[in-house]
Amino acid sequence: MSNDIIVKKGLDLKLVGKPSLEIEQAKFSQDFSVYPADFHGVFPKLIVKENDSVKAGDILFYDKNSEKVKFVSPVSGKIKEIVRGERRRVLEIKIHADKDIAFKKIKKLKSENPKDIIDYLLENGLWTYIKQRPYDVIADPKSNPKEIFISGFDSSPLSADYDFTTKDQKENIIEAIKYLSKLTKGSINLSLRKESNSFLREINDVIIHNVSGPHPAGNLSTIINRVSPINKGDVVWTVNLPDLAIIGNTILNGKFSP
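Below: a short report on this structure. (Residues numbered from 1 in each chain as written. Predicted model: local features only at pLDDT ≥ 70, side-chain atom pairs only at ≥ 80, totals over all residues. Heavy atoms only, no water.)

### Here's the deal with the overall build of the protein
Where we set the bar: Strands here mean DSSP runs of E at least two residues long; helices mean DSSP runs of H or I at least four residues long; both are numbered from the N terminus. Atoms counted for the radius of gyration: C-alpha only. Globule rule: 2.2 Å times the number of residues to the power 0.38. Only protein chains enter the accessibility calculation, which uses a 1.4 Å probe; a residue is then buried when its area is under 20% of its type maximum, exposed when over 50%, and partly exposed in between. Contacts are assigned to residue pairs with any non-hydrogen atoms lying within 4.5 Å of each other. To be clear on the numbers: accessible area is Shrake-Rupley with a 1.4 Å probe, and residue cover counts the displayed protein chains and nothing else. The positive count covers Lys and Arg only, the negative count covers Asp and Glu only, and His and the chain ends enter neither. To locate a charge, the coordinates of NZ of Lys, CZ of Arg, CG of Asp or CD of Glu are taken.
Assigned secondary structure in the protein consists of five helices and 14 strands. Radius of gyration (C-alpha) of the protein: 19 Å, near the 18 Å computed for a compact globule of 258 residues. Reported as C-alpha extents along the three principal axes, the dimensions of the protein are approximately 55 × 45 × 40 Å. Sorting the 258 residues of the protein into buried and exposed places 44% on the buried side. Considering only intrachain contacts with a sequence separation of at least 6, the fraction spanning at least 24 residues in the protein is 66%. Accessible surface, the protein as shown: approximately 14,700 Å² in total, 48% of it carbon and sulfur. Distance from the positive charge centre (40 side chains) to the negative charge centre (34 side chains) of the protein: 3 Å.

### Considerations on the environment of P157
Position of P157 relative to the elements: it lies in the loop between β11 (147–151) and α2 (162–165). The sequence separation of P157 and L13 amounts to 144 residues, and the corresponding C-alpha distance is 6.6 Å. Setting aside residues up to four positions removed in sequence, P157 forms contacts with L13 and L15.

### Re the packing of aromatic side chains
We count it as follows: Centres within 6.5 Å make a pair out of two Phe, Tyr or Trp rings, where for Trp the six-membered ring is used; the pair is then stacked when the planes are under 30 degrees apart, edge-to-face when over 60, and tilted otherwise.
One pass over the full model with this rule turns up four aromatic pairs. Ring geometry for W127 against W237: centres 5.2 Å apart, planes inclined by 85 degrees, an arrangement best described as edge-to-face. Pair noted here: W127 is in the loop between α1 (114–123) and β9 (131–133) and W237 is in strand β14 (residues 236–240), with a separation of 110 residues, a long-range link. Residue class for W127 comes out buried when judged on its relative accessible area of 1%. Relative accessible area serves as the criterion here: at 1%, W237 is assigned to the buried category.

### Observations regarding the pattern of salt bridges
Test applied: The rule for a salt bridge is simple: a side-chain nitrogen of Lys or Arg has to be within 4 Å of a carboxyl oxygen of Asp or Glu.
Throughout the structure, instances matching the rule amount to twelve salt bridges. For D31, the salt bridge is made with K80, and the minimal N-O distance between the two is 3.4 Å. Of this pair, D31 sits in strand β2 (residues 31–34) while K80 sits in strand β7 (residues 77–84), placing them 49 residues apart in sequence. We classify D31 as partly exposed; its relative accessible area is 42%. Overall, K80 belongs to the partly exposed group, its relative accessible area being 47%.

### Describing the sheet that holds β7
Put simply, the rule is: In this scheme, strands are said to pair when DSSP sees at least two bridges between them.
Strand order across the open sheet formed by four strands is β2-β8-β7-β4, with antiparallel pairing between neighbours. Every interior strand has two partners, whereas the edge strands, β2 and β4 (53–54), have only one. Inspection of the sheet shows β7 paired to strand β8 (residues 90–97) by seven bridges, in the antiparallel sense. When the sheet's bridge partners are listed, I82 is paired in β8 with I93.

### Considerations on the environment of F256
On the secondary structure map, F256 appears in the segment after α5 (241–253). By relative accessible area, which is 4% here, F256 ends up buried. In sequence terms F256 and K105 are 151 residues apart; their C-alpha atoms lie 8.7 Å from each other.

### Comments concerning the nonpolar core
Cut-off, in case you're wondering: The definition of a nonpolar core used throughout is a set of buried Ala, Val, Leu, Ile, Met, Phe, Trp, Tyr and Cys residues joined through side-chain atoms within 4.5 Å.
Counting 58 residues, the largest nonpolar core has L60, I93, L121, W127, I173 and L244 as its most contacted members. If one sorts the elements of this core by residue count, α5 sits on top with six residues. Dropping the residues within four chain positions of it, W127 is found in contact with V69, I118, L121, L122, I138, A139, D140, P141, L183 and W237. I5, A217, L220 and I223 belong to the second-largest nonpolar core, a separate cluster that totals ten residues.

### Some thoughts on the sheet that holds β9
To be explicit about the condition: Axes, fitted as lines to C-alpha atoms, cover a helix only where it is in contact. Angles between the N-to-C directions of the axes lie from 0 to 180 degrees.
Here seven strands make up an open sheet; going across it, the order is β1-β13-β12-β11-β14-β9-β10 and the pairing mixed. One side of each edge strand has no neighbouring strand; the edge strands of this open sheet are β1 (2–6) and β10 (137–138). In terms of strand pairing, β9 meets β14 through three bridges, oriented antiparallel. Residue pairing in the sheet places Q132 in a bridge with W237 of β14. Packed onto the sheet, α5 meets β11 and β14 and runs at close to 85 degrees relative to β14.

Here it is as structure tokens:
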């Protein structure tokens, strides 16, 4: 099923050039940092301390306001430093990464029961990719979203082409959508450029919104307002396409590899 959405009010900046459709292998850094302040409204409670060894997928901290929401390490290595600010607030967790990354073993998700799916995503640091509107904060696992929206393209200037960057992630994305669809009684809504030939059009059980027009056509706020406006007491969840690929990859392969 698909719908057409035309955005008339907006602006595309006429910049010279565009991102090239090629991927370079970045030089591997041995120093990584996790900043709790990147997650709006989260008050971190540390699980680790300096000089602890961690694997990719091991829990670093949880949210004091919602203790089931856990944040995990992107790499394996040693906790090099924990930087604190006023009142010992955690500002940064520095990790000196191993040359060869070791992964925490994650059991395969087999149940399609919503509670089991939510518990799996929470325990393995995947819940942090699911955002909630209003306020664009990490979703409350106890909330009941009327709809879930997935951003299939980015209309901002010089943005990456999701059709290109996720072209090898079809299996992962389909797997993630299969489980996310169990968490709402509403629909999974996927926004795509109208001219896009993305493999995402082949996915069943989603409503595709063919979007045309200038920026902010790719912003989910624009799509939500057209498709399912948020009224008092309503909650919708949102997920970005690259994050969806990480969720699906973890479910299929049993390791957290962002």
